[in-house]
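Examining the three-dimensional arrangement
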Amino acid sequence: MSIYLGFDSSTQGLTAIAIEVDGGGRRVVFQRTLNFEENFPRYGTTNGVLPKADPLVATSSPLMWAEALDRMMEITATESGIDLSRVRAISGSGQQHGSVYLNESAAGVLGALDPGRPLVDQLSGIFARPDSPIWMDSSTASQCAAITRGVGGTRALAELTGSRAFERFTGPQIRKFFETDPAGYARTAHIHLVSSFVASLLAGKDAPIEPGDGSGMNLMDIAARRWAPRALDATAPGLAAKLPALEPSWAVAGRLSPYWTKRYGFPAARVIAWSGDNPCSLIGTGLISQGRIAISLGTSDTLFGFMREPNVDPSFTGHVFGAPTGDYMSLICFKNGSLARERIRDAAGLDWPGFSRTLRDTPPGNHGRIMLPWFDAEITPEVLDPGVRRYGLGPDDGPANVRAVVEAQMMAMANHSTWMGVTVETIYATGGASKNRDILQVMADVFGAHVDQLEVGNSACLGAALRAWHADELAEGRNVPWEEIVAGFVEPIAGSRISPVAEHVRIYRDLRRTYAAREAEVLGRH
Ligand code: XUL
């Protein structure tokens, strides 16, 4: 019997899952979440984000992520009830795009961590920059423009890296750091993603970046899975020397360092390269072949599917990322996800059951009333000047706003995913809000597709554990097919299927056109 650990260092918290694999038997034996804002208040974050005067800026604290990792490893060792000696490998998932800037001392410190002292007490000197820009940042429009010019235009950059320049992508963020703090950039020895940073803490040395998360940087040649010199040159000087190695998703970054084995009693388990939350979710929802999609309703809402070839979005709205299987995935990302739903819920004075009841009590189509839910700058479509727009709808009409925000989110997802060319028959729903069947009914009706709920709601974390298992087998010389790895873990909950209602599907077919027209009008694209 073997145990594999998967961690998910997300925007708002850190989750751990342990899976047990025993011949044909397989099950999740432990799951726990720590919330950054509640459990680590001394960092002063709100929903995991540091306070900032500029609404376009979003940063977080890498020290907080490290402290959460330390606490979670302790909990796993002391409270999970699992037999630690059976832990064979650990991998993880990180919020994508966020970057961590380490100085020259980092390598030495990580390689000689003292198991007698808490991790954070030893890390304070390793950063060339104390905060980390994260995926919610939209402050790099000018850097995006410069990089795009440098690489030869939007199409050239999208074809090279899988995406046009996006404000939250790591390349534009690195360029901004170089432009605004050249001394800090010069002090930077290594730039990690959230994923590779946390993996480095576990391995006690620089962990690689893998193509799933590497493709969220505007720096990787998506077809060759190598750093793209043209993109690096357009971003910042001397960048190649500051980036970790790019290695396959199943690369072994090392073994758990003595800090973890001596402090908490873990075995020297393999540390497998961490990936981004969306690539990990692809595995955790079992999307290992073409033709199905998943929608993750979390801090960000994302819609993604498996892809054989890196076919970029001709409208340049969506992304092509590497998939942890060695293939590709298509993805669109919405910033106004769970926090937008929460704002509307709070304004209507409701709890989640009340929010659900309201969805049941209001009519599909909302009598034609529409909201563009851009509380924050939006990624899809690109909106850098945020503001909620309402049509036929007052801000104080709580119930109608509840329906409007969910319908808007689903219609935007349906409209902006047509480039993926998938005839959607079934959607796998994951992420926190996928527990809410009334939200999923709107999803089913807008897409005209069945929606299945999955047994393990945190598919990113589960996907990380499954990746740990797959890579550990590979390191032992056994190439276990992905079908076998995901089987039994990613099945829909029996009887959970939510089916579209034909009459509602018709209503949304029309409303989607009106929604697209309103969007185009506001963005000046009509
Ligand atoms: C994907 C994206 C978000 C983050 C947050 O491109 O920006 O989904 O990964 O989890």
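Provided above is the structure to which this section pertains.
Model, not experiment: these values are computed from the prediction.

Following the criterion strictly, the structure yields 24 salt bridges and no others. Residue Arg 360 is joined to Asp 438 by a salt bridge in which the shortest nitrogen-to-oxygen separation is 2.8 Å. Of the two residues, Arg 360 sits in helix H15 (residues 352-361) while Asp 438 sits in helix H17 (residues 437-447), which places them 78 residues apart along the sequence. Owing to a relative accessible area of 17%, Asp 438 belongs among the buried residues under this scheme. Glu 473 is the salt-bridge partner of Arg 478, the closest N and O atoms lying 2.5 Å from each other.

Once that is clear, we can look at helix H13 (residues 277-284). Extensive coverage of H13 is indicated by the burial of eight of its eight residues. Every buried residue of H13 is listed here: Asp 277, Asn 278, Pro 279, Cys 280, Ser 281, Leu 282, Ile 283 and Gly 284. Phi turns positive one or two residues past the end of H13, at Gly 286, with a value near 75 degrees.

Let us now look at the site of the ligand. Around the ligand, the surrounding shell consists of Gln 96, His 97, Trp 135, Arg 168, Asp 277, Asn 278, Ser 300, Thr 302, Phe 321, Leu 331 and Cys 333. In this structure, Gln 96 approaches the ligand through a main-chain N or O atom, which is 3.0 Å from an oxygen atom. At a separation of 2.8 Å, an oxygen atom of the ligand approaches a polar side-chain atom of Arg 168. In the complex, 97% of the free accessible area of the ligand, which totals 290 Å², lies under the protein chains. For the shell around the ligand, the elements supplying multiple residues, two or more each, are H13 and strand E17 (328-334). Among the residues making up the shell around the ligand, the classes are represented as four nonpolar, five polar and two charged.

Procedures and definitions
- Residues numbered from 1 in each chain as written.
- Predicted model: local features only at pLDDT ≥ 70, side-chain atom pairs only at ≥ 80, totals over all residues.
- Heavy atoms only, no water.
- Salt bridge = Lys/Arg side-chain N within 4 Å of Asp/Glu carboxyl O.
- Helix = DSSP H or I, 4+ residues; strand = E, 2+ residues; numbered from the N terminus.
- Buried < 20%, exposed > 50% of the residue type's maximum accessible area, 1.4 Å probe, protein only.
- Near = heavy atom within 4 Å.
- Polar contact = N/O pair within 3.5 Å; in protein donor to acceptor, adjacent residues only side chain to side chain.
- Areas by Shrake-Rupley, 256 points an atom, 1.4 Å probe, with all protein chains shown as cover.
- Nonpolar A, V, L, I, M, F, W, Y, C, P; charged D, E, K, R; others polar.

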